[in-house]
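Commentary on secondary and tertiary structure
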Amino acid sequence: MSDRLSRRTKLLYGAGDTGFSLTGTIIGAYFAIFLTDVVGISPGVAAAAIFVGRSWDYVNDPLIGHISDRTRTRWGRRRPFLLFGALPYALAFAILWWRPPLESDLALAIYYAVAYLVYDASATFVYMPYFALTPELTSDYDERTALTSYRMFFSIFASLLAFTVPLAIIGTFAPENASRVLVMGLAFGIASALPLLLTFLGTRERQVYMAQEQPRLLQSLRAAMKNRPFVFGMAIFLLTWVAIDLLQATLLYFVKYCVQREAQSDLIMGVIFVTAILVLPFWEWTSRRWNKRWAYVAGIAFWAVVQLVMVTLNASTDITLLLFLCVLAGIGVSAAHVLPWSIIPDAIEWDELRTGERHEGMFYSLITLMQKVASSVAIPLALLLLDVTGYTPNTARQPASALLGIRILAGPIPAALLCAGILFAILYPLSRERYAAVCEELESRRTMQKKEAT
């Protein structure tokens, strides 16, 4: 199989990320405010429900990743999960947005913790094998960035839909709109599952990887921890996406209460994500001209500065200035989407050269696990900070302490995480030239093994 991919393959693979972006962005942007302002539980109780629900991922992600590494079927190692997991994924997302007829905060917390656990398990069953397909489709350094760019086009476009269409369906987050929230959950659950079938039909896995020995669990874990490019890539991804998760969870609070532009939420989100889509080719070009890590450093540093400036805005800020800063933020958001994901796959060949095996499922599962562990702590802590600073649900004007808490969550904390990611990128040990040498040595080894086999 050639390392150059057809546009059709890139499109059909990239389309699969539509569902993950829709559900992930909707949960990140609206689930907290749904629990506090529609269900009516306190931020502290909401934090507990989310933390308990997400904690299952400590076992769930590595388990599914390892199972997919060991799977051998006529459809491949990864694609069967997309086929059989699509429907449970859709249904599990929908039940998150039902407001059960329960009055006790404890009962509601238990329901949403269990619902979140079921959703996370169903989502992991499909997204872990999907992510692990990237290094299997191509081993070319720049082609992986191109493939990730196609995927991120669908991801960012879906994020745009996720930030705008739900608000059009729901209106405002208030108890009387609970039925509208459920309709939104059902509609987006179905819309998120269908693209996975396109990816199943439009991609093919490499038979050479199917013939490799099935890795053992502890062996896979040891291989991951001894792989320096993987560890550094995981840190880059982790720090970037925890920053994104925090911003998703707090941005609507910032728009609603700090700049008091809730009526323009669709426009604000639209400007950020349309900009991010339009500059995707720029980041692919930058990665080809320099390399992935230096493109990451430039894009993320730019975004961190913009974010610190943006949180100084208030209700008197002219909408033109706000939208201009949204355009600048969109440039950084684009870099954050495409570059960490394109860095990760290169560690797979490094691993294969040293162990003779490939552990894509385990590697991707550990990356997403670490990100979820961090987010399962960071997002509840963000809600607790809102609680401590005096946030009151459904109040037109928040106290100054709550506004300060929202600004800190939307500016300095994400910026600090992004700067830490930049440090790891500067120290990342796998350059374009070094990666090319690894691939050349692997190809020579495979050629010799074929000759010996014949």
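Details of the structure are given in the entry above.
Anyway, here's the lowdown on the structure attached to this text. Because the structure is a prediction, the values reported are computed rather than measured.

By size, the foremost hydrophobic cluster in this structure holds 148 residues, and its most contacted members are Phe31, Phe34 and Trp97. By residue number, the principal contributor to this core is helix H11 (residues 228-258), which donates 19 residues. When neighbours within four sequence positions are excluded, tryptophan 97 is seen to be in contact with Ile26, Ile27, Tyr30, Phe31, Phe34, Ala178, Val181, Leu182, Met184 and Gly185.

What follows is about the pattern of salt bridges. With the rule as written, the count across this model stands at 17 salt bridges. A salt bridge links arginine 77 to glutamate 136, with the nearest nitrogen and oxygen atoms 2.4 Å apart. On the criterion of sequence distance, the pair formed by arginine 77 in the loop between helix H4 (57-70) and helix H5 (79-95) and glutamate 136 in helix H6 (residues 105-137) is long-range, its members being 59 residues apart. No difference in accessibility class separates arginine 77 from glutamate 136, as the two residues are buried. For glutamate 284, the salt bridge identified is with arginine 288, shortest N-O distance 3.3 Å. Of the two residues, glutamate 284 and arginine 288 both sit in helix H13 (residues 280-289), four residues apart, roughly one turn of that helix. We classify glutamate 284 as buried; its relative accessible area is 18%. According to the relative accessible area criterion, arginine 288 is partly exposed, its value standing at 34%. Here the salt bridges do not stand alone but share partners, grouping Asp69, Arg77, Arg78, Glu136, Arg144, Lys292, Asp346, Glu349, Glu352, Arg358 and Glu360 into one network.

What follows concerns a positive patch on the surface. A cluster of like positive charges, contributed by Arg70, Arg216, Arg222 and Lys226, occupies part of the molecular surface. Looking at the secondary structure, you find lysine 226 in the loop between helix H10 (217-225) and H11.

The next point concerns the packing of aromatic side chains. Under the definition given, this model contains 36 aromatic pairs. Pairing tyrosine 89 with tyrosine 119 gives two aromatic rings, centres 6.3 Å apart and planes at 25°, and the pair type is stacked. One end of the pair, tyrosine 89, is in helix H5; the other, tyrosine 119, is in helix H6, with 30 residues separating them in the sequence. The ring of tyrosine 141 has lysine 292 sitting right over it, with the charged end atom 4.2 Å from the ring centre.

Here we come to the packing of H11 against helix H17 (residues 360-388). The contact between H11 and H17 brings their axes to 9 Å, and the two run at 35°. Here H11 runs over H17; the crossing is right-handed. Facing H11, whose interface residues are Phe230, Met234, Phe237, Leu238, Trp241, Val242, Asp245, Leu246, Ala249 and Tyr253, H17 presents Phe363, Leu366, Ile367, Met370, Gln371, Ala374, Ser375, Ala378, Ile379, Ala382, Leu383 and Leu386. Classifying every residue of the contact of H11 with H17 gives 19 nonpolar, two polar and one charged.

Turning our eyes to something else, we now look at the side chain of threonine 199. Relative to the helices and strands, threonine 199 is located in helix H8 (residues 178-202). A polar side-chain atom of threonine 199 sits 3.3 Å from the main-chain amide nitrogen of glycine 16. Those residues in contact with threonine 199 that lie beyond four places of it in its chain are Leu12, Tyr13, Ala15, Gly16, Leu82, Tyr130 and Leu133.

Moving on: the packing of H13 against helix H15 (residues 319-343). Relative to each other, H13 and H15 sit at 55°, their axes nearing to 9 Å. Classified by the angle between their axes, H13 and H15 sit oblique to one another. The element H13 and its partner H15 pack so that their crossing is right-handed. Facing H13, whose interface residues are Leu280, Trp283 and Ser287, H15 presents Ile331, Ser334, Ala335, Val338 and Leu339. Class assignment of the residues belonging to the contact of H13 with H15 gives a composition of six nonpolar, two polar and no charged.

Calculation notes
- Residues numbered from 1 in each chain as written.
- Predicted model: local features only at pLDDT ≥ 70, side-chain atom pairs only at ≥ 80, totals over all residues.
- Heavy atoms only, no water.
- Core = buried A, V, L, I, M, F, W, Y, C linked by side-chain atoms within 4.5 Å.
- Buried < 20%, exposed > 50% of the residue type's maximum accessible area, 1.4 Å probe, protein only.
- Helix = DSSP H or I, 4+ residues; strand = E, 2+ residues; numbered from the N terminus.
- Contact = heavy atoms within 4.5 Å.
- Salt bridge = Lys/Arg side-chain N within 4 Å of Asp/Glu carboxyl O.
- Patch = residues over 30% accessible without salt bridge, like charges linked within 9 Å, V, L, I, M, F, W, Y side chains within 5 Å.
- Areas by Shrake-Rupley, 256 points an atom, 1.4 Å probe, with all protein chains shown as cover.
- Lys, Arg positive; Asp, Glu negative; His and termini not counted.
- Charge placed at Lys NZ, Arg CZ, Asp CG, Glu CD.
- Phe/Tyr/Trp six-rings, centres within 6.5 Å; stacked < 30°, edge-to-face > 60°.
- Lys NZ or Arg CZ within 6 Å of the ring centre and 35° of its normal.
- Axes fitted to C-alpha atoms, helices over the stretch in contact; angles between N-to-C directions.
- Left-handed = near helix turned anticlockwise from the far one by under 90°.
- Nonpolar A, V, L, I, M, F, W, Y, C, P; charged D, E, K, R; others polar.
- Polar contact = N/O pair within 3.5 Å; in protein donor to acceptor, adjacent residues only side chain to side chain.
- Parallel < 35°, antiparallel > 145°, perpendicular 65-115°, else oblique.

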